2 protein chains.
Amino acid sequence: MADQRFQSLPGFRDFTPRDCAIRNYLFTTWRQVAHRYGFTEYEAPIVEPTELYLKKTGGELTGQLFRFEDQGGRDITLRPELTASLARIVGANQRDFPKPLKWFQIGPCFRYEKPQKGRGREFIQFNADILGEASSSADAELISLAIDTMLALGFKEDDFVIRASDRESWLGFCSANQISDTAGFLPLIDRLEKIKPEILDKKLAEFGVTRELVDAFIANPENASAAFREIQDNLNARGLGQFLELDLTIVRGLAYYTGAVFEIFDKKKSMRAVAGGGRYDGLLSTLSDGAADLPATGFAMGDMVIRNFIEETPNAKMAMEAWMQRNPACDVYIVVADESKRPDTLRILSELRNAGIHSDFSMSQLNVGKQFKKAEQSGARLALVIGSEFPEMQLKTLLFRTEETIHPNTDLIESIKKHLDSPDGPLIA
Amino acid sequence: MADQRFQSLPGFRDFTPRDCAIRNYLFTTWRQVAHRYGFTEYEAPIVEPTELYLKKTGGELTGQLFRFEDQGGRDITLRPELTASLARIVGANQRDFPKPLKWFQIGPCFRYEKPQKGRGREFIQFNADILGEASSSADAELISLAIDTMLALGFKEDDFVIRASDRESWLGFCSANQISDTAGFLPLIDRLEKIKPEILDKKLAEFGVTRELVDAFIANPENASAAFREIQDNLNARGLGQFLELDLTIVRGLAYYTGAVFEIFDKKKSMRAVAGGGRYDGLLSTLSDGAADLPATGFAMGDMVIRNFIEETPNAKMAMEAWMQRNPACDVYIVVADESKRPDTLRILSELRNAGIHSDFSMSQLNVGKQFKKAEQSGARLALVIGSEFPEMQLKTLLFRTEETIHPNTDLIESIKKHLDSPDGPLIA
């Protein structure tokens, strides 16, 4: 049982080295894919004026805010999401940047919710947004980014699918069925599977439609919007069409979405959405008082759900473990077998580090056996033994226990790099 | 004049793409050097129970806390620094990790201070700590890390120096001069240059010593401690000795330091410390109620002061700009010269991105001239023109306007990579 005194606050996480490495794996992968797509990174303050979040249409998050007064009497809030900050920043600076903007961000967000599996009070989000491009080609670019993010994380076609729809389809349905309160109707579609059937029937009846009519609409692929078809064609041309599925039950919970919407689903647990996004053409204008009146489409992925999904999916888990083994804390551990050679050890250590090789050693005097134990604990693939015969040294592989003598005229750095690149170096090729 | 409505809170920063790239340059450099030294990364929550900070001996920061009550009535605080969290985490988990720990962390901290140049209410710190090694070899390892961090940022021997001392020296002075209130005396030494001479003389007199006696002590290198000499020898062996200077006026402001202390100084403005650290052997035990009774030495560098220093120092500024040019948002911009080839463009785009090449294009139809303008704005070195003669394509360098025909049997990826690696690729070699 963990000592209560040393616990973080409920819903907040400590990242000890392994957790931090997993976090960094997500950061690295998110950044690499976003860069491949020509997205540029931005960041916003962790704390914003509260009014920024009260403006957001719908106001779904206002009950979950970490909201305070600072020492100067300002009403401030730990950001619960990034779109409001993005609108503020773009409202202030948009003339500096050619459109469309393709911007991404990675950082913590905060919501006062009941902590549970996959949900914390502090979580990290990857946000990608395209601003200033109204056509479906931007939605396709964004969904393509989402798919390539999943592939880069090691997920395969059997593991996940993008279910997409378009609010336009439902606006057509509403119009055909004389439903004027679309803002009241769409959340019912979002919660079709979550509301008890008898209650759902009653609520649908209030809008003058039946469950049968709704189900028939959902089942008919003819109801896909023109934008959905364009997105499908676009993804087909990229060779990614097989990852997209029409699912008219996807409307997304938040009120501000206006067009194409999508979620990434775990194929094994088909009810679990691991990320999602969609088009929100009016929101930037609302949030920025008209200063940034740009059509927009965006996508967000949280670190907690995706980490769970990775750990439950063999393909993705293996990719993550392989990355971790390719990025150990230490490549070479130097064993000081003759304490009088410590000054030489320090010089060699500096040479290795200057060459970019992750190198460590025992700072205090230890017997050789204990130093080898530390070498193994460090995750290093190689031990470099410096003893009385220095400048001659021994380079040992810790996995296969092979040994090579480094002579005074040997290029030490090259010998080490050859080992680190060779099959006996990386534990997984 | 910026529109007030779109301003971040005072002391909080927006990181638009260039600012974010500079931040990422710092992150990347800090991580690379820490990894070379075999340090592993950890992270703590942004928010902690307030009591964690009230425990810290001295309590220097308690007036500057962003301190609040959450919805559950908890007294919580945005972290002003990392050592308290480190003690909490190590107190909870230390049995899981072999000693010594070499841990580093990069992330935001918060202090309610008057915003000014180099000081914000939200700033980013790089923290590196060695826990569980009492000998001066750990201080030397840490100072060496600090030096190599500066060198990796492009600073040279003419730009910076490490001034180091040891509180032991002053404890000797106090003992020789019958000063028992060392906690009252050391802050006077820390502020020697900042206190008015007549007030200083009066305060020193209260401890029974004169300014002359203090100055004579400082001027005499014989007063260097044994630990300082060991650190100097250690750095000499690493080839880094020239960066270290004895400066007995360095004692660091915070009360918890116990041994070797050091600051990195800007040589041009000799009064400006850009980072610092030192040994704090009792603090972890105090903070963790004895659960983590480990000797410790640590170092912190903030992003705001170091960024100013980089921008004022030609060597470092050039290194930063070179990094930015080696890491553009976009490597290849695809120009669609024949709109009927858009599906082919999407396929080629995916191929490039799958090969790790940062690639962008115009999502909507634009004339060729405008697409070339966008290519230049993107920072790309290459434009790939796809027109009616596809699968034949043209690869153009945007700087020198050279052109190369890509034939159907040419390896496109290889041609692009050759350009990106060749001298006409990177703008700075």
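Everything numeric in this text was worked out from a predicted model, so none of it was measured. (Residues numbered from 1 in each chain as written. Chains lettered and ligands numbered in written order. Predicted model: local features only at pLDDT ≥ 70, side-chain atom pairs only at ≥ 80, totals over all residues.)

**So, the sheet that holds strand β16 (residues 403-406) of chain B**
Residue and element names in this part refer to chain B.
Item 1. Spatially, five strands are ordered β13-β12-β14-β15-β16 in an open sheet, and the strand pairing comes out mixed. Each having just a single partner strand, β13 (359-361) and β16 make up the two edges of the open sheet. Put simply, the sheet's adjacent strands are angled 25° from each other on average, direction ignored.
Item 2. For strand β12 (residues 332-336) and β13, the ladder comprises three bridges, and the chain directions are parallel. Paired with I334 across the strands is F361, a residue of β13.
Item 3. Relative to β12, helix α13 (residues 342-354) is tilted by about 170°, and along the sheet it contacts β12, β13 and β14 (382-386).
Item 4. Here helix α14 (residues 368-377) sits on the sheet and contacts β12 and β14; the angle it forms with β12, its principal contact strand, is near 175°. (Pairing = 2+ DSSP bridges. Helix = DSSP H or I, 4+ residues; strand = E, 2+ residues; numbered from the N terminus. Axes fitted to C-alpha atoms, helices over the stretch in contact; angles between N-to-C directions. Contact = placed C-beta atoms within 7 Å.)

**So, the relation of the copies chain A and chain B**
Item 1. After a rotation of 180° and a shift along the axis of 0.0 Å, chain A superposes on chain B with an RMSD of 0.1 Å. Look at the turn and shift together and you get a two-fold axis relating the two. In terms of proximity to the rotation axis, the leading residue of chain A is F68 of chain A, whose C-alpha is 3.2 Å off the axis.
Item 2. Taken as a fraction of all interface residues of chain A, those also at the interface in chain B reach 100%, which identifies the copy contact as same-surface. (Least-squares fit on C-alpha atoms with pLDDT ≥ 70 in both.)

**Observations regarding the domain arrangement of chain A**
Item 1. Domain annotation for chain A reports domain 1 (4-323) and domain 2 (329-421).
Item 2. One C-alpha centre belongs to domain 1 of chain A, the other to domain 2 of chain A; they are set 48 Å apart. (Domains from an automatic or database assignment.)

**Comments concerning the nonpolar core**
Item 1. In this structure, I143, A146, I162, A164 and L284 of chain B are the most contacted members of the largest nonpolar core, which totals 83 residues.
Item 2. Setting aside anything within four residues of it in sequence, one finds I162 of chain B in contact with I143, A146, I147, F243, L244, E245, F262 and I264 of chain B. (Core = buried A, V, L, I, M, F, W, Y, C linked by C-beta atoms within 7 Å. Buried ≥ 20, exposed ≤ 12 C-beta atoms within 10 Å, placed from the backbone.)

**Points about the sheet that holds strand β10 (residues 273-279) of chain B**
Item 1. Judged by pairing direction, the sheet is mixed, and its eight strands sit side by side in the order β1-β5-β6-β11-β10-β9-β7-β8 (chain B) without closing on themselves. Here the strands that pair on one side only, and so sit at the sheet edges, are β1 (40-41) and β8 (244-246) of chain B.

**Thoughts on the environment of G369 of chain B**
Item 1. Mapping G369 of chain B onto the fold places it in helix α14.
Item 2. By C-beta crowding, G369 of chain B is classed as exposed, having 9 other C-beta atoms within 10 Å.

**Let's talk about the interface of chain A and chain B**
Item 1. With 74 residues of chain A at the contact, the number on the chain B side is 74 residues.
Item 2. Among the elements that line the side of chain A that touches chain B, the one with the most residues is helix α1 (residues 17-36) of chain A, at six residues.
Item 3. Here the residues of the side of chain A that touches chain B sort into 31 nonpolar, 21 polar and 22 charged. (Nonpolar A, V, L, I, M, F, W, Y, C, P; charged D, E, K, R; others polar.)

**As for the pairing of strand β7 (residues 160-166) of chain B**
Consecutive side chains along a regular strand alternate between the two faces of the sheet.
Residues and elements named next belong to chain B.
Item 1. Burial within β7 is extensive, with six of its seven residues counted as buried.
Item 2. As defined by bridge partners, β7 adjoins strand β9 (residues 260-266) across seven bridges and the pair is classed as antiparallel. Bridge pairing links I162 to I264 in β9.
Item 3. Bridge analysis of β7 against β8 gives three bridges, and the strand direction is parallel. By the bridge assignment, I162 is partnered in β8 with L244.

**Looking at the confidence of the model for chain A**
Caution applies to low-pLDDT parts of the model: their predicted coordinates are not meant to be read in detail.
All names here are of chain A.
Item 1. On average, residues of chain A score 93 in pLDDT, and 96% of them are at 70 or above.
Item 2. Segment residues 425-429: pLDDT under 50, and ten contacts once partners within four positions in sequence are set aside and those in other chains are kept.
Item 3. For this predicted complex, the interface score ipTM comes out at 0.94, while the overall pTM is 0.95. (pLDDT = per-residue confidence, 0-100.)

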